[in-house]
Amino acid sequence: MPLPRLSKHLTAAAALLLASACSHHEVVRGSQDPGIDQPAMSTGLDKDDIQRMLSDNLNNLRTSPVMEKWRAAGGKDKVAVFPFINETTEHIDPQLGAILSEAETWLVDAGTVTVISRERQNQMIAEVEGATSPVFNPAHAAQYGRQLGANYFITGKVQAADERSADARRIQYFFFMQVIEVETSAIRWQHKAYVTKLAR
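Residues numbered from 1 in each chain as written. Predicted model: local features only at pLDDT ≥ 70, side-chain atom pairs only at ≥ 80, totals over all residues. Heavy atoms only, no water.

Engineer: Can you break down the environment of Met 67 residue by residue, with the values?
Structural biologist: As for its position among the elements, Met 67 is in helix H3 (residues 65-72). Through-space distance from the C-alpha of Met 67 to that of Trp 189 is 9.1 Å; in sequence the pair is 122 residues apart. Contact partners of Met 67, with chain neighbours within four places excluded, come to Leu 61, Arg 62, Trp 106 and Thr 112. (Helix = DSSP H or I, 4+ residues; strand = E, 2+ residues; numbered from the N terminus. Contact = heavy atoms within 4.5 Å.)

Engineer: Which residues make up the pairing of strand S1 (residues 78-86), and what values go with them?
Structural biologist: Examined bridge by bridge, S1 and strand S2 (residues 114-115) share two bridges and lie parallel to one another. Each bridged residue has a counterpart across the sheet, and for Val 79 the counterpart in S2 is Val 115. Alignment of S1 against strand S3 (residues 152-164), held across six bridges, turns out to be parallel. Following the sheet pairing, Phe 84 is matched in S3 by Gly 156. (Pairing = 2+ DSSP bridges.)

Engineer: Give a description of H3 that names residues and reports values.
Structural biologist: The periodicity of an α-helix, 3.6 residues per turn, causes residues three or four places apart in sequence to face the same way. Among the residues of H3, those classed as buried are Val 66, Met 67 and Trp 70. Down the axis of H3, the smallest arc covering the buried residues is 100°, so these residues share one side. Residues of H3 that are exposed and angled more than 90 degrees away from the buried face: Pro 65 and Ala 72. Next to the buried residues of H3 lie helix H2 (47-62), S1, helix H4 (93-110), S3, strand S4 (169-181) and strand S5 (187-199). In the stretch just after H3, Gly 74 is the one whose phi turns positive, near 65°. (Buried < 20%, exposed > 50% of the residue type's maximum accessible area, 1.4 Å probe, protein only. Arc of directions from axis to C-beta.)

Engineer: Help me get a handle on the side chain of Thr 88, residues and values and all.
Structural biologist: Looking at the secondary structure, you find Thr 88 in the loop between S1 and H4. Given a relative accessible area of 14%, Thr 88 falls into the buried group. Within the structure, Thr 88 has its side chain in polar contact with the side chain of Asn 86 (distance 2.7 Å). Excluding residues within four positions of it along the chain, Thr 88 makes contact with Val 158, Gln 159, Ala 160 and Tyr 173. (Polar contact = N/O pair within 3.5 Å; in protein donor to acceptor, adjacent residues only side chain to side chain.)

Engineer: Let's hear about unusual backbone geometry: which residues, and what values?
Structural biologist: Even without being a glycine, Ser 185 presents a positive backbone phi close to 65°. Of note, Ser 185 is situated in the loop between S4 and S5.

Engineer: I'd like a description of the sheet that holds S1, backed by residues and values.
Structural biologist: Sheet architecture is open: five strands sit in the order S2-S1-S3-S4-S5, paired in mixed fashion. For this open sheet the edge positions go to S2 and S5, each flanked by a neighbour on one side alone. Strand direction decides the pairing type here: S4 and S5, joined by 12 bridges, are antiparallel. Directly across from Tyr 173, in S5, lies its bridge partner Val 195. Here H3 sits on the sheet and contacts S1, S3, S4 and S5; the angle it forms with S3, its principal contact strand, is near 155°. (Axes fitted to C-alpha atoms, helices over the stretch in contact; angles between N-to-C directions.)

Engineer: Would you mind going over the layout of surface pockets in detail, with residue names and values included?
Structural biologist: In this model, the largest pocket occupies a volume close to 170 Å³. Lining the largest pocket are 14 residues, with Ile 85, Thr 155, Gly 156, Lys 157 and Gln 178 positioned closest to its centre. The residue makeup of the lining of the largest pocket, split by class, is eight nonpolar, four polar and two charged. (1 Å grid on protein atoms, 1.4 Å probe; cavity = no way out; pocket = protein on both sides within 12 Å on 5 of 7 lines; lining within 4 Å. Points joined across faces, edges and corners; volume = space filled by probe spheres on them. Nonpolar A, V, L, I, M, F, W, Y, C, P; charged D, E, K, R; others polar.)

Quick look at the structure:
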């Protein structure tokens, strides 16, 4: 009688040890291994893709006529940064949120405009759209801007071209950014950046 009971306990212990051995993995910080951000882990957008596309767009904005106008105004122009629209089939909303925050920080650091806080924008969106559906609607962006007292707003969108073969998948992401003048709804600046991801 004792032998079957002992065998049962040994089998359970062995299974537990095997499970813990299989689930063990090394966790590394970026400061310990600076190269961990470089390899692509999927065809989705990652930190490197976001930085590359945003840098491309913002470097173009830095030398644009509208930026020169903002510099000449000495920071008096007010700018709202509205959400970027995801027009892809990928779940990239967190990445778009990161892009928005990075763009907002870049504008604040540049010191050429007064940036309207996101909290105030969310309140205004709720006022325009109604408390039951306080979701950003790109069609109402100019209305939000006017009610916020903004002279300009920055918005954008991400689109993707997805191609597949028998043994590979390629996605090209296109990130458009634009500055729109609230008073006239005229596009005062627009630029496109892109990255390509390949899985094979």
